[in-house]
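# A structural walkthrough
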Amino acid sequence: MSSPDPQVRAARNESTPHAARGVRGPVVAVTGAASGIGALLTERLVASDEVKQVIAIDERRGDCAAAQWHILDVRDPAIAEKLRGADVVVHLALDLDLETDSAARTAYNVRGTQTVLTAAAAAGVHRVVLCTSAMVYGALEDNELPLSEDAELRATAEATGVGDLLEIERLARRAPRAHPGLNVTVVRPAVLVGGTDTALTRYFESPRLLVVAGSRPAWQFCHVEDLCSALEYAVLEKVEGELAVGCDGWLEQEEVEELSGIRRMELPSAVALGAAARLHRIGLTPSPAGDLAYTMYPWVVSGSRLHDAGWRPQWTNEEVLAELLEEVSGRHTVAGRRLGRKDATAAGAAGATVALLGAAAVVRRARKARRRI
């Protein structure tokens, strides 16, 4: 999906302020605006003729010169003053890094969301847009294909960051009751691709695609550009409520293997889940065993609310998979753990037993290192 050059957009917005162009749209605050999705959305909203002004909030200043910047932690109650005058807040300051300590991650994500919701209500903001993930529906064998937005959230806290996302969902449901007049919209993307690093994108860094025997994977992706356009729809109140976003349809595991050219390695469920649990427990891999469920069973979403509002994805699953494969080219991961160049070369020669042999070698080296200490 093509877009104007960022320098052209910034120059246009600085030389011709929205107010001078007669823009009567909302004032929008974006948290986490300095990087990732927050930075992309900030640039998109600044370029929009339907947005009056963009307030950017982060712990450091980003590159978008046309936004009004406030530098602070979203957990700081002083954020309420920075939100005064905003009509909409898009809260994207979340830490879902695989390497972050889980307790610290939860403390940041949950406290940050609580503070933003409370501060928005105190500042007179009428709409908050939160971004979680379609992972909150859970990956289960009996899931419908596709799931509607109203489907029950059946995920557990066993996968990376999903416990935080479920708590954010609970905060979203409670907020309108605690703060009458505050509207909360929740956007739930499918497997997010485009400068992202998650347990699910790392799945495609492995020399073999792990398939658990008897499972029924179904892959649906969401490009960050499509997520940003869906968030813009929510900002402009073209759609509201709980929104799922992703490419149309899905890919079966066999299609993924054919398109990627990566062969499968099939393991019994007990072996795969047991190995994942042990490796995570002793700290050798960042991904808990719960992450495997999302590669075993479907959690495809329909996106019907956005579609009914006129939104359409600009990317197909096939196109996003191709971009993902290009992004991860040259990276080598076994059981969610990134390997160095030397280890990766050995892993490439290990064939179908690479995951088990690689994990065993890591365990042996770690034990030897501890004995030498």
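Everything below is about the structure shown above.
Residues numbered from 1 in each chain as written. Predicted model: local features only at pLDDT ≥ 70, side-chain atom pairs only at ≥ 80, totals over all residues. Heavy atoms only, no water.

### What to know about the nonpolar core
The biggest cluster of nonpolar side chains holds 73 residues, and the ones touching the most others in it are Leu-83, Phe-204, Trp-219, Phe-221 and Tyr-294. Considering each element in turn, this core owes the most residues, 7 residues, to helix H5 (residues 162–178). Look past the residues within four positions of Leu-83 in its chain and what remains in contact with it is Ala-29, Ile-57, Val-89, Val-116, Ala-119, Ala-120, Ala-123 and Val-125. By size, the runner-up hydrophobic cluster in this structure holds 37 residues, among which are Val-28, Val-88, Val-187 and Ala-190. (Core = buried A, V, L, I, M, F, W, Y, C linked by side-chain atoms within 4.5 Å. Buried < 20%, exposed > 50% of the residue type's maximum accessible area, 1.4 Å probe, protein only. Helix = DSSP H or I, 4+ residues; strand = E, 2+ residues; numbered from the N terminus. Contact = heavy atoms within 4.5 Å.)

### Things to note about the pairing of strand E5 (residues 127–131)
Within a regular strand, the side chains alternate between the two sheet faces. Burial analysis of E5 places 5 of its 5 residues in the buried class, which makes it a mostly covered element. The pairing of strand E4 (residues 88–91) with E5 spans 4 bridges and is parallel. Note on E5: the bridge partner recorded for Val-90 is Val-129. The parallel pair E4 and E5 is bridged by helix H4 (residues 102–122), and the resulting crossover is right-handed. Relative to strand E6 (residues 183–189), E5 runs parallel, the two sharing 5 bridges. Across the sheet, Val-128 pairs through a bridge with Val-184, a residue of E6. The parallel pair E5 and E6, bridged by H5, forms a crossover whose chirality is right-handed. (Pairing = 2+ DSSP bridges. Right-handed = clockwise from strand over helix to strand, strands pointing away.)

### So, the packing of aromatic side chains
Given two aromatic rings, one states the distance between the centres and the angle between the planes to describe the pair. As enumerated under the stated definition, the model contains 6 aromatic pairs in all. Arranged with centres 5.2 Å apart and planes meeting at 80°, the rings of Tyr-203 and Phe-204 form a pair that is edge-to-face. An identical accessibility class is assigned to Tyr-203 and Phe-204; each is buried. Seen in terms of ring centroids, Phe-204 and Phe-221 are 6.1 Å apart; in terms of plane orientation they differ by 55°. Their pairing is tilted. On the criterion of sequence distance, the pair formed by Phe-204 in the loop between helix H6 (199–202) and strand E8 (209–212) and Phe-221 in strand E10 (residues 221–223) is long-range, its members being 17 residues apart. Note on Phe-221: relative accessible area 0%, which makes it buried. (Phe/Tyr/Trp six-rings, centres within 6.5 Å; stacked < 30°, edge-to-face > 60°.)

### A look at helix H7 (residues 224–235)
Here H7 is 12 residues long and its end C-alpha atoms lie 16 Å apart, about the 16 Å a rise of 1.5 Å per residue gives. With 11 of 12 residues buried, H7 lies mostly within the body of the structure. Trailing H7 by a residue or two, Glu-237 shows a phi angle of about 60°, which is positive. (Expected span 1.5 Å × (residues − 1).)

### Concerning the packing of helix H8 (residues 253–260) against helix H11 (residues 317–328)
Contact geometry of H8 with H11 gives a least axis separation of 11 Å together with a crossing angle of 50°. Classified by the angle their axes make, H8 and H11 are oblique. When the axes of H8 and H11 are compared, the crossing they make is right-handed. Counted together, Val-256, Leu-259 and Ser-260 of H8 and Glu-318, Leu-321 and Leu-325 of H11 form the full contact between these two elements. Of the residues in the contact of H8 with H11, the class split is 4 nonpolar, 1 polar and 1 charged. (Axes fitted to C-alpha atoms, helices over the stretch in contact; angles between N-to-C directions. Parallel < 35°, antiparallel > 145°, perpendicular 65-115°, else oblique. Left-handed = near helix turned anticlockwise from the far one by under 90°. Nonpolar A, V, L, I, M, F, W, Y, C, P; charged D, E, K, R; others polar.)

### Details of a negative patch on the surface
A surface patch of like charges, here negative, comprises Glu-252, Glu-255, Glu-258, Glu-318 and Glu-319. Relative to the helices and strands, Glu-252 is located in strand E12 (residues 251–252). Overall, Glu-252 belongs to the partly exposed group, its relative accessible area being 33%. (Patch = residues over 30% accessible without salt bridge, like charges linked within 9 Å, V, L, I, M, F, W, Y side chains within 5 Å. Areas by Shrake-Rupley, 256 points an atom, 1.4 Å probe, with all protein chains shown as cover. Salt bridge = Lys/Arg side-chain N within 4 Å of Asp/Glu carboxyl O. Lys, Arg positive; Asp, Glu negative; His and termini not counted. Charge placed at Lys NZ, Arg CZ, Asp CG, Glu CD.)

### Comments concerning the pairing of E4
By the alternation rule, side chains of E4 split into Val-88 and Val-90 and Val-89 and His-91, which are all buried. Strand direction decides the pairing type here: strand E1 (residues 27–31) and E4, joined by 4 bridges, are parallel. Paired with Thr-31 across the bridge in E4 is His-91.

### A closer look at the sheet that holds E6
Hydrogen bonding along the main chain pairs the strands of a sheet, whether they run parallel or antiparallel. With respect to topology, 7 strands assemble into an open sheet ordered E3-E2-E1-E4-E5-E6-E11, the strand pairing being parallel. With partners counted over all chains shown, the strands left at the sheet margins are strand E3 (68–71) and strand E11 (242–245), one partner each. Between one strand axis and the next, the sheet turns by 20° as a mean value, whatever way the strands run. Each of E1, strand E2 (53–58) and E4 touches helix H2 (residues 36–47); the most contacted strand, E1, lies at about 165° to it.

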